[in-house]
Amino acid sequence: MATGTKIKSFIIARIDPSTPQWLNEELFKYSSITSFILPLKIDENGFVLNRDQLYPCGSQSVQDYSFIIEFNFLRQPIPSAIETLVAGIRPHVQNLTLLSVDQRPLFLLRISSKQKSSFSLYRFKRIVKLIWPECNNPIFFTDSALAFYSEGAIENSIDSLRCREDSGKLDYDSYRYHSHFRPFPPSPFYIPSCHAVRHDHHDLFFNYSHNSYLDWIRVSLTWAYLYHYPSGFTGVHIEDLNAHSELLVNETFTYEKPELTCAASSVIMPNAEKGPTTSSNTALVIHAFYPENLAAIFKLIEPSSSVVDYLISTTEEKAGAVLSCLEDHNINSYKLFITKNHGRDVVPFVNVLLPALVHYKYDHFIKIHTKKSPHLDDGADWGTHLISSLITPESIRYVRHTFGEDNQTGLLSPPGSIIPITACLSMNALWLAELLAAYDISTKWAIKKDFIAGSMFAGRVHLLSSLTRKAPSLNCYESELGQVDATLAHAMERFLSVFIQHQNFALEEVPGNPDLAPAFGYQDSKPASDSAKTLAQILQINKRSIPSIGS
């Protein structure tokens, strides 16, 4: 697998200049923090009320960090106060490195909702230009009340997310899962937030752990990477720096940008075949890496065996077992292709079986594979559910009928397998971004879409046929080392669904019981009722302090 440039993530925390950590420069010992929000409290006459607390800005330590300057206006400054404001700020902050996206520095504006009618972004741009003459085209982040006036927003999970309660406690996993399935934000620039739990708040939660918090950070970072691609900006906002520091989080969260190359897939002739070239417009394509599972598949499909052809891929050492199973079950029309153990079931499908489907002019297909998922507690049941949902006589009739109609159904999946593309996003975002870019598909558009988990589905051949002319090169795929996620093959699993939706065709599920599919956290992420309390409300009821957003 070719790799490219290093991707630096930005862990952003808000400074409280009145705290001893800031005044004693202890803040700079947290290696996981890369950037700070520095708040400036400003009155209507342009005076910086906390100016005396900004002296650590002149220390050597700050040179290792980037900053977002927060203009916290008690009231909007009158025009004549701008000169006073600039003179009061410039000496303290002009040596700071500003955090930027696409060379556009970020600034945060705080004003009360009462000032919204007099909000003037032009005035704020003028202030920035006077303090930083070299600063061109800044990006202003605001509160949600002013989102219409600005380009960016910072998520606030403390106030906005409602969690389910159980025995009077909040389920921390609801927060963590929300990071996978957050609503699509309206702002062109958006920074997701993560919230660690302070020691004195632990009794308000269950399912809270150090690892859960780190997972929240990782998922939010990769979500931000996709959302802002190709800018390379990968940042999250730490809502409580004190709680974050209590956990001694010292990870730097750096990533390696992969390099994707694409090439046409040539038609490969089968290594063994039997029966007519086409006896049906429907092909059952199987990647048989576990031949011992084929007998159960053939038994399920036996009543419908005459209405489908079989295109099967397997490795050289397992071909004999596959052929024996085909003969034992009297499969009279098949083509067997020998492939390397590379790229899971994805490479055999995209690079071998899909070109064969196009070459032999099939109309539609049903794709399955002899799945085992030892990393899942219900891996065997999950695989059985996927396969049996697609190849029973009733399912095959449903597939053939649906694709025989002139409708916008592009792929049919097992029940419960269509989930948001952000589920288990992990490091798949890095490869997924490259795949989307290769086909000129917006990552910001794609991040709102769903995909079919498990990589088993039925589809229309012509919708995927263009992949035979440009598909990821084999050398891009990682060697098989038992990975359960984060490979190009896993990203391709997501991409195939998005590729279909980009052609304005839909993902649909065949009839069946969706509860047989794992939740992948998705079911647990669904919003609680309006009566459920937020973390802010719970803390207020318990008379505990809660940081304002970003503190």
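Anything mentioned here points back to the structure above.
Residues numbered from 1 in each chain as written. Predicted model: local features only at pLDDT ≥ 70, side-chain atom pairs only at ≥ 80, totals over all residues. Heavy atoms only, no water.

Caption draft 1: How the structure looks around the overall build of the chain. When helices and strands are tallied, the chain shows 17 helices and 27 strands. The buried share of the chain, taken over its 551 residues, is 56%. For the chain, contacts bridging at least 24 residues in sequence account for 83% of all contacts bridging at least 6. For the chain, the computed accessible surface area is about 23200 Å², with 49% contributed by carbon and sulfur atoms. (Helix = DSSP H or I, 4+ residues; strand = E, 2+ residues; numbered from the N terminus. Buried < 20%, exposed > 50% of the residue type's maximum accessible area, 1.4 Å probe, protein only. Contact = heavy atoms within 4.5 Å. Areas by Shrake-Rupley, 256 points an atom, 1.4 Å probe, with all protein chains shown as cover.)

Caption draft 2: Quick peek at the pairing of strand S6 (residues 104-110). Most of S6 sits inside the fold, with seven of its seven residues counted as buried. Neither face of S6 is exposed, since Arg104, Leu106, Leu108 and Arg110 on one face and Pro105, Phe107 and Leu109 on the opposite face are all buried. Bridge count for strand S3 (residues 66-73) against S6 is four bridges, and the pairing is parallel. The partner of glutamate 70 across the bridge, within S6, is leucine 108. (Pairing = 2+ DSSP bridges.)

Caption draft 3: Broad picture of a nonpolar patch on the surface. Judged by side-chain polarity, Phe47, Leu49 and Leu74 come together as a nonpolar surface patch covering roughly 320 Å² of accessible area. Inspection of the secondary structure assignment puts phenylalanine 47 in the loop between strand S2 (35-42) and S3. Accessibility expressed as a relative area gives 48% for phenylalanine 47, which makes it partly exposed. (Patch = residues over 30% accessible without salt bridge, like charges linked within 9 Å, V, L, I, M, F, W, Y side chains within 5 Å. Salt bridge = Lys/Arg side-chain N within 4 Å of Asp/Glu carboxyl O.)

Caption draft 4: Structural view of the sheet that holds strand S27 (residues 506-509). With mixed pairing, the eight strands of this open sheet are ordered in space as S17-S20-S19-S18-S21-S25-S22-S27. At either margin of the open sheet sits one strand with a lone partner, and together these are strand S17 (272-274) and S27. With direction set aside, neighbouring strand axes in the sheet form an average angle of 20°. Sheet topology note: the strand S22 (residues 409-413)/S27 ladder contains four bridges and is parallel. By the bridge assignment, serine 413 is partnered in S27 with glutamate 509. Where helix H12 (residues 393-404) meets the sheet, its contacts fall on strand S18 (282-287), strand S21 (364-369), S22, strand S25 (457-460) and S27, and the angle it forms with S22 comes to roughly 170°. (Axes fitted to C-alpha atoms, helices over the stretch in contact; angles between N-to-C directions.)

Caption draft 5: The arrangement of the packing of aromatic side chains in detail. What the rule picks out here adds up to 24 aromatic pairs. Judged by centre distance (5.2 Å) and plane angle (50°), the rings of phenylalanine 107 and tryptophan 132 are tilted. Placement of phenylalanine 107 in strand S6 and of tryptophan 132 in the loop between helix H3 (121-131) and strand S7 (139-142) is noted, with a sequence separation of 25 residues between them. Each member of the pair, phenylalanine 107 as well as tryptophan 132, is classed as buried. One aromatic cluster is present, built from ring pairs that chain together Phe71, Phe73, Phe107, Phe124, Trp132 and Phe140. The positively charged end of arginine 182 is found above the aromatic ring belonging to tryptophan 223, 4.7 Å away from the centroid. For lysine 448, the ring lying beneath its charged end belongs to phenylalanine 184, and the centroid distance is 4.6 Å. (Phe/Tyr/Trp six-rings, centres within 6.5 Å; stacked < 30°, edge-to-face > 60°. Lys NZ or Arg CZ within 6 Å of the ring centre and 35° of its normal.)

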